[in-house]
Each structure stands twice: as structure tokens, then as C-alpha cells.
Amino acid sequence: QESTAKQELAGAGAMSIKLRELIRSIRACKTAAEERAVIARECALIRTAFKEDDNQFRHRNVAKLLFIHMMGYPTHFGQMECLKLIASSKFAEKRVGYLGLTQLLDENTDVLMLVTNSVKHDMNNENQYVNGLALCALGNIGSNEMCRALAREVENMMASPNPYLRKKAALCAMRIVRKVDEIEDKFNGKIGNLLEDRNHGVLLAGCSLLTTLLEVNPSYIKEFRRHVPSLLRALRNMVTSGYSSAAEYDIAGITDPFLQAKILRLLRIFGERNVDASDEMNDILAQVATNTEGTKNTGNSILYECVLTIMSIEAESGLRVLGINILGRFLQSRDNNIRYVALATLQRVVSADQQVMQRHRNTIIDCLKDADISIRKRALDVTYSLVDETNIKSMTKELLTYLLVAETDFKEELCSKLCMAVEKFSPNRQWQIDTLIKIMCLGGSHVKEEQREKFCRVVAATPELHSYTVIKLYANMRESLSQEALVHVGVWCLGEFGDLLVSGPTAVGPDDQPLAAVSSSDVLDLLYDVVRKPPVADKASATHCLVAAALIKLVTRCPGESEKIKKLLRRFDTSLHVDLQQRSCEFLELLHSEWDPHRPGILDRMPVPEKEIGAAGSAAPVVAASGGKDLLDLNDLLDAPSGAAVPSTSPAPAAYPAASGGGDLLDLLDGGPAAAPAPAPMAGDGLLDILGGPAGVTPAATEAAPMVAFEKNGLKITFYPRKDADGSTSVLAKFTNSLNVPMTNFVFEAAVPKYVTLTMQPATGQVLPPNTADLVTQSMRCVNSTNGEKGLLMKLRIGYVCNGTPVQEMSQIGGFPPGY
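Residues numbered from 1 in each chain as written. Predicted model: local features only at pLDDT ≥ 70, side-chain atom pairs only at ≥ 80, totals over all residues. Heavy atoms only, no water.

*Asks:* I would appreciate a short explanation of the nonpolar core in the present structure.
*Replies:* In globular proteins that are soluble, nonpolar side chains generally tend to be buried together. Within the largest apolar cluster, 190 residues are counted, with the highest numbers of intra-cluster contacts made by L101, V154 and F270. Look past the residues within four positions of L101 in its chain and what remains in contact with it is C82, L83, I86, L112, V115, A137 and I141. Listed in part, the 33 residues of the second largest apolar core include F710, L758, M794 and C802. (Core = buried A, V, L, I, M, F, W, Y, C linked by side-chain atoms within 4.5 Å. Buried < 20%, exposed > 50% of the residue type's maximum accessible area, 1.4 Å probe, protein only. Contact = heavy atoms within 4.5 Å.)

*Asks:* Is there a simple way to think about the environment of R378 in this case?
*Replies:* Within the secondary structure, R378 is located in helix α22 (residues 373–386). Using a relative accessible area of 27% as the deciding quantity, one classes R378 as partly exposed. If near-sequence neighbours (up to four positions away) are discounted, R378 is found in contact with Y340, L343, A344 and Q347. (Helix = DSSP H or I, 4+ residues; strand = E, 2+ residues; numbered from the N terminus.)

*Asks:* Help me understand the packing of aromatic side chains, please; the structure alone is not making it clear to me.
*Replies:* Ring pairs (aromatic) are described by centroid distance and by the angle formed between their planes. Applying the stated criterion across every chain, the model contains nine aromatic pairs. Every member of this aromatic cluster is reached through a ring pair, and the members are F719, F735, F746, F748 and F816. The cationic tip of K723 hangs over the ring face of Y820; the distance from NZ or CZ to the ring centre is 5.8 Å. Lying across the ring of Y720, K734 places its NZ or CZ 4.7 Å from the centre. (Phe/Tyr/Trp six-rings, centres within 6.5 Å; stacked < 30°, edge-to-face > 60°. Lys NZ or Arg CZ within 6 Å of the ring centre and 35° of its normal.)

*Asks:* Please explain the environment of P597 as it appears in this structure.
*Replies:* Looking at the secondary structure, you find P597 in the loop between α32 (578–590) and α33 (599–602). Separated by 178 residues in sequence, P597 and L775 have C-alpha atoms that sit 7.2 Å apart.

*Asks:* How should the pairing of strand β5 (residues 715–723) be read in this particular structure?
*Replies:* Both faces of the sheet carry side chains from a regular strand, because those side chains alternate between them. Burial analysis of β5 places seven of its nine residues in the buried class, the great majority of the element. Of the pairings in the sheet, the one linking strand β3 (residues 702–703) to β5 comprises two bridges and is antiparallel in character. Paired with E703 across the two strands is R722, which belongs to β5. In this structure, strand β4 (residues 707–712) lies alongside β5, joined through five bridges in antiparallel fashion. Residue pairing across strands places K712 opposite L715, the latter belonging to β5. Taking the residues that link successive antiparallel strands as the turn, the β4-β5 hairpin has two residues, and the phi of N713 there is positive, at about 50 degrees. Across nine bridges, the pairing between β5 and strand β6 (residues 729–737) is antiparallel. If you follow T718 over to β6, its bridge partner there is K734. (Pairing = 2+ DSSP bridges.)

Here it is, written out as C-alpha cells:
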């Protein structure tokens, strides 16, 4: 029998190899399949040992399972063995059991409920290390039920005379506070003693527990603010090395940096939005900031936490300056991690003190040239945050200079930030347009489509700069066609405002040298060059679509080039790109003679949204209003002689309701800017009838003879008044252009006496083509509150652009039939 027992024992020993041997055999495997075979064989042997209830090598087998678990293989079959080891009386086995419990199980495992009594028993053990194992296990994987059941034991151990146990119990209490809501205040009475403890480990655990409690329930901040002096005293002692055992905690010349960082974080919570607590902290924070050596990472970590605390509390202005200057020193470090942290922190505190931040502007901009892409991106974010109305020009110049040498993968984000800054802080529209053109000249295809669209809207909403912009874009496109963004917006502007380029003043190039007079043939030749050699070959179809749209627009702006335009459009009607082919075919159809009456309205300039007009600051809303006195005296009110020329104004895309009050009339006509009616619909009066426009005739109405309201310099305006059945008067104004050149940006406005209410509909177009009569019309409706006792009078203002020159005329008309 003895020999048989010895053989069984020898077999068990041979079956259970040591953990070191298992690791060696796994490392010796050359393939994944070989490794899986070794693991499978060892797991089978371990299972056999577990079935045979082998107590001698159970802890060794569980240790091997932990290693196998770390390698990602299933080890659930060893969970119950961990519980058996925990119940053992031997410390070595208990230690492995608790380690297996925390690694092989989690708080959702059903088996965990079986270990509660063992943990409770170990907490009451005489051995402090067994107590520590139980507290660690509860603090790591304790479920809600376990935490609730063992909270009393943890509370008792927080009052233990042994600092080792007080520290473990405080850390375990953090888990209980997070897991069990109804007993979160159970440890409140113990925290004060922890914060007064002279043992750094206990004090660190107490700070962690208090931080967790305040994060879970911020309402306790006011209650625990009384402990701020204790925290400040502990921090001051560490900064001045007042602890007798300070050398024990010294790391690179810093006394216990972990505890200092924890206290600074806790002070940040107490000082936020509280002036009294912040005042208490100012002195010690200044000491930390000035006495901490920043030559090593240990000191830099303390300085970083100190800066965050300074910026979070209600600190003095001088202390905030000190904090930002510390971040400025971080930026000059050679360590990329420190510079990245500094930039990230500056991004968070940039609004604290803009003036102090500006001192470090050059250092921040230098970070844009760093080899590390993450630092460059952070530096760009901070730089964008530093831009304001006072430094927009200088900052933009520096960023444009950097754009020349920036890496390709960084240019898109840089262009985006530049465009946003220019849009937000530009001092005026001309500077904004000039700067955006520079960005597109340098950034090219890296300027996003969204930014290109915004540029076009800005230009469209600023009519006084239409000629300036199209000339500048034309000159830059002649220099180079390699930048996609510049070409796209340039082609769009040539289509919209090409007539201003051809008939405008002498153009000035990018180098401020005068350009030769631009002819319509030059414009078409430039568009042909774009078609022949698009800036980005892979996106040629998108460029060609823009060119096709510009060509059809130029039909009305350059009437003498119709055949050349038609020839260019025919290049696209067989394109493989379906959208381009369809556009070109539709545009060619529009050139047929049956579309002659409607073509000017269809090809009119793009309408501008109201919000863009408001942003442009160059247009006021059109309001047909009654005056403060009779129109017989309006010349005195308006103080503007007939025929006075003023700059052309922006179109307004809506019909405007009637209003009354002399103030509106003064705003409208007292020499200030005025807005045009909405752009023309794409059809004639018949379409207006379908859409409920003003062209319909009431059967019961009585029409009067036509009246010539204005005739001068080739422009003739004829009124067709009509008395409606409801007593109101409808007037249809028809406009005739007898010149050989078009009249663009056409605006017609009217004002009436205060006893008349006037409602104006948008004109059917803003362009009066050459040698056309009655093609563009506008409807008005008047209600005379005196029922015809006082005659209907109107004061007119007409604005348009002819041969690139803005013209404005004023006129007065009466003589309406009696009763109107």
C-alpha cells in the first residue's frame, strides 16, 4: 500500500509541472498551432487534477491558469478552485486564490456571491496581510451586494491603528461609494481623520476617497470645504520639506509628487466658483509654482497640476499670469510630450487672459513647424483661438507665410482655420475678399468646397466689390491655373460678373501693375484654357460643369460672343460625364431664338440670401413706406437732386409688405444704401399668373390710360394704372431700355404720402437687355385712405449699372386719374 501511494504521489508530481517550466515550453513554440497544443495539453492535465481534488498542487495549477488567462485562452473551469484556495488557512494559497479571484472573475459572475463570507472572515483575521488581500479583492471586483454587506467591516477598518489597513480600507471605500448610492455618506465621518494623518499613504488614500465622493455627489463640496486648511498645511509641508521623513518620499528632488498632485486636484474642486476658498489657496499655489523645479518630469507634473488648479479656481490675476507663463516655459521644452500638454492646456485656458497669451504667440506659432503632427494640430487650434479683431491682419500674414511651407496633409486644416478666422474677424469686406483669394492662391485644392461656396456668397452680397473681385480673380487666373479653388471661384465670378470685367475700369494685376483692357474674347480664351487644362485632372468634370454654367451666363453679358460660346458648349454635349452632358445640351437649347424673350431673366445673377445681405453691411431692406409729409415736399426731405449718382446696391430676394411712418421713408431714401427687389423668375407674366403673381386682372377693375413716369438716358418707365373693385389701385410698371448695352443691377423704388399705403412686388428681372421694351415689369398696389379726395402721388428712385458705372435717378409723378 505504501508503494502504491508513493507511485500515485510521484504520478501527480510528474503531471503538475512548475509555472516556470510551462512558460519555457510555451516560449519554445515556433508556431501558433504548436502553442495551442501545449496550452490544450496543460489545461487537460489541470482539469484532471481539479477533478481528483489535488490539494497539494492546487495553488500551482491556479497560478498556471492565470498565465494561460493572460494569453487569452479560456480558463473559466478554474473559478471554483480560486474559492477553495481563499478558504485555505495557508497564506501562500490564499494569496494565489485572491489573485485568481480578481483576474478570472468579475463583479457579474454568479460564483462571486459564494465568496462573501470568506472575504468577511478574512477581514477579521489577525494577520494584517490577509486583511489586505480581502480589502483588495473587494475594492477590485466587489459587486453591489458584496459592497453593501461588507461596508460596516470596511468602516471599522478605516479606524484601525495600523496605517496599512487604513490605507487599504480607504481605497476599498472608493468602490463602495461608487457602487452603493444609499450608503455613500457612511464614510463621511472618517474622512477628516484620514486627511489629518501624517502617513502619506493614508493621506493619499483619503484624498482619493474624498475626490471620488465629491464626483459622485457634488452637494458634499460645501460640507467638506472645511478641510481645505488641512490640505493646504500638508501641501505646504511637502513643498518646504517640513516632514521629518521627507527623504522617504523623495522622487527626483520632489517630496511625494503623487500626493502633491492629488491634493492639487482636490483643491481644484473646492476652489471652483468659491472666492473665499480660492483666497486661502493663492499663497500656497504661488509657492508651488515658484519653488518646484521644472527640469525633470516629476517637477513638470506638479507644475502642470498647479496650473490647472490656478486656472480652475477664482485665482488672482497675477497668479493666472504666472500659470500661463509656466505653460510658456513648457512650450520651450525639447520633450514633445511636455509641449503637447502645454498646448492642450493653453487651448483650455485661452479665454482666461488674452493679453498674457499674446506674449507667447510667437512660440505657439513656431510649434506649427514642429515635426510631430499632433503638436502642429494642437498649435493650430491654439493659434486660431488667439485670433481676434485686434490682431487678425498680423496673425493672418504669419499663417499665410506658414501655408507656403506647410506639409500637404496639414494644409487642408490650416486653410479651414484661416478661412474661419477671416470670416469671423475681418475688418471689412474688401480685406476679407483679398485674403480669401490669397488663401486660394496658396492652398489650391486644400480649400474645402464649403469655404469656396461661402466666398461666392460673400462676393454676391457685396455689389460694390463685384467689379473689383472679378478683375482680381481674372488677373490671378491669368498668372496660374494650377490652383483648383481659385479656378472654381474665378470661373463662377466670370460667369456672374463678366460684363463688369469687360466694360469696367482699367484692371490692376496682383503686382499692382495695370492690365491691358479686357475684351470678351479674352475672357472666353481664359475659360477655354481652363477646359483644356483643368487644375486637377481627376476632377475635370466638376471644373467643366462650372465652365459650362459660366459660358451660358456670358451669353447675356457678352452678346457679341454667342457663336464662340456655342462652339465651346458643343465640346461637352458628347461628354461621358452624364451631368455635364445634360447641362451642355440644355444650355445649347436655351440659345435657340424662341428663348430670346426669356433668356435675360433665366440667366440673371444669382439671388443672395437675406442673411448674406445683412452680413455684407451694404444693403438695407426694401420697404415701400408712406412718408412723414406729402410728396410735394419730399425733395426737401430727401435732400437729393434728381440725377444724383450713387453706388449700386445689393439685391434683396423677397416681396416686401406695406408699412407706414416717416422714419422708414427717411431710411429708404435719405441718401442711404437701398436694396433691390428680388431676382427675376425664369418665365414671363404667364408664370406669374400661375404662381399667384400680380399680373392677373380683376374683371371688375377699370383701367386708365398708360402714363410715362420717367424717361431719361435711354430708360423709359411706363405706368399702367388700374382701379380695382375693392377701391385699391394697382399699378403695373414696365421698363424699356433703348440703349445698345444692358442695364444691370436694376432697382426700382417708390415712396408715397402718409395717407397712402403702398405694397410692392419684386420686379421680374434685374437686367434690362439692350433695345428691349416692356420685358421687365414690376407691380404695385396702393390704398388711398382719403378715398380719392387727395390725389395719388409717388416719389421714384431708380438705380442701375450701365457700362460699369452706377447710376441713380430720382423723379416724382402725379396726375393720376381722379379717384385714384
